[in-house]
Amino acid sequence: MLKPSPVAVTLSFLCALGVLCGESSCGESSGLQPGQRPGPYTFVLSTGPQRGKLHCYICETADRPAVVIFARSLTDPLGKLVGKLDKAVAEHQKAELRAWVTFLSDDQPTLDPKIVEWGQKHALRSVPLGVFEDAAGPPSYRLSRSADVAVLFFVKQKVVANYTFKAGELTDAKAGEVMKALPRILHSKK
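Residues numbered from 1 in each chain as written. Predicted model: local features only at pLDDT ≥ 70, side-chain atom pairs only at ≥ 80, totals over all residues. Heavy atoms only, no water.

Draft legend 1. Representation of the layout of surface pockets in the model. Taken as a whole, the largest pocket spans an internal volume of roughly 240 Å³. Along its surface, the largest pocket is lined by 15 residues, and Thr47, Gly48, Arg125, Val127 and Pro128 are the ones closest to its centre. Looking at the lining of the largest pocket element by element, the count peaks at 3 residues for helix α4 (residues 108-121). Tallied by class, residues from the lining of the largest pocket come to 8 nonpolar, 6 polar and 1 charged. (1 Å grid on protein atoms, 1.4 Å probe; cavity = no way out; pocket = protein on both sides within 12 Å on 5 of 7 lines; lining within 4 Å. Points joined across faces, edges and corners; volume = space filled by probe spheres on them. Helix = DSSP H or I, 4+ residues; strand = E, 2+ residues; numbered from the N terminus. Nonpolar A, V, L, I, M, F, W, Y, C, P; charged D, E, K, R; others polar.)

Draft legend 2. Looking closely at the pairing of strand β5 (residues 129-132). Where burial is concerned, the two faces of β5 agree: the one with Leu129 and Val131 and the one with Gly130 and Phe132 are both buried. Of the strand pairs in this sheet, strand β1 (residues 43-45) and β5 are connected by 2 bridges, and their pairing is antiparallel. Paired with valine 44 across the bridge in β5 is valine 131. Pairing between strand β4 (residues 98-104) and β5: 4 bridges, direction parallel. Its bridge partner lying in β5, phenylalanine 103 is registered against valine 131. (Buried < 20%, exposed > 50% of the residue type's maximum accessible area, 1.4 Å probe, protein only. Pairing = 2+ DSSP bridges.)

Draft legend 3. Molecular detail of the environment of arginine 64. Counting through the fold element by element, arginine 64 comes out in the loop between α2 (57-61) and β3 (66-71). Here the alpha-carbon distance between arginine 64 and valine 155, two residues 91 residues apart in the chain, equals 5.6 Å. Those residues in contact with arginine 64 that lie beyond four places of it in its chain are Glu96, Arg98, Phe154, Val155 and Lys156. Looking at arginine 64, its side chain comes within polar contact range of the side chain of glutamate 96, at 2.8 Å. (Contact = heavy atoms within 4.5 Å. Polar contact = N/O pair within 3.5 Å; in protein donor to acceptor, adjacent residues only side chain to side chain.)

Draft legend 4. Region of interest: the confidence of the model for the protein chain. Residues with a pLDDT of 70 or more make up 83% of the protein chain, whose mean pLDDT is 87. Low confidence marks residues 1-27, where pLDDT is under 50. Its contacts with residues over four positions away, or in another chain, come to 22 contacts. (pLDDT = per-residue confidence, 0-100.)

Draft legend 5. Local environment of the sheet that holds β1. If you walk across this open sheet you meet the 7 strands as β2-β1-β5-β4-β3-β6-β7, and the pairing is mixed. Every interior strand has two partners, whereas the edge strands, β2 (54-55) and β7 (158-166), have only one. Seen against the sheet, helix α3 (residues 76-91) touches β3, β4 and β6 (147-155) and runs at an angle of roughly 160° to β3. Sitting on the sheet, α4 touches β1, β4 and β5, and the angle it makes with β5 is about 160°. (Axes fitted to C-alpha atoms, helices over the stretch in contact; angles between N-to-C directions.)

Draft legend 6. Seen up close, the environment of glutamine 36. Along the chain, glutamine 36 falls in the loop between α1 (6-20) and β1. Taking the C-alpha atoms as reference points, glutamine 36 and phenylalanine 154, separated by 118 residues in sequence, lie 9.2 Å from one another. Leave out the neighbours within four places in its chain, and glutamine 36 touches Arg142, Gln157, Lys158 and Val159. Of note is the side chain of glutamine 36, whose polar atom sits 2.6 Å from the backbone nitrogen of glutamine 33.

Below you can see the structure in the form of structure tokens.
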């Protein structure tokens, strides 16, 4: 009987870990992994009372539960996912749930009005939208260039779940799967 090599066992474990964390493929991870700490970054807000200003939501979130989405395109499936988060933020005010979307682009002035229109189309009220002015994203997050959407759930300054999707992979069913991670940050023991 053949025994698997230590390398094969390690690769199998890493692939399984990627699937458990919501990764879309075993060959590539994108963004911070569970247990890692989200670092501060600023981005230009496209919506809300601070529109046009740089802001760091990580800085003010502290130990509160939060969901950050990094995205490269304005799609309807993403709008539906953010709509679910928008509703969750309103429903979980006691838990002080926070969520925001950071679009990644080298051309913030061109993308900004499109984000405003997209937010209105999806009736987003509680989730701020903005642009990080580098298509690669904040360096400490190590976002894959092939990732169209990365969703990070964190609480107590630690990532709990990471879901990554290439262009066209985010569907309504997958958005539902992503939302199943919400109780993991809402019901974390203080």
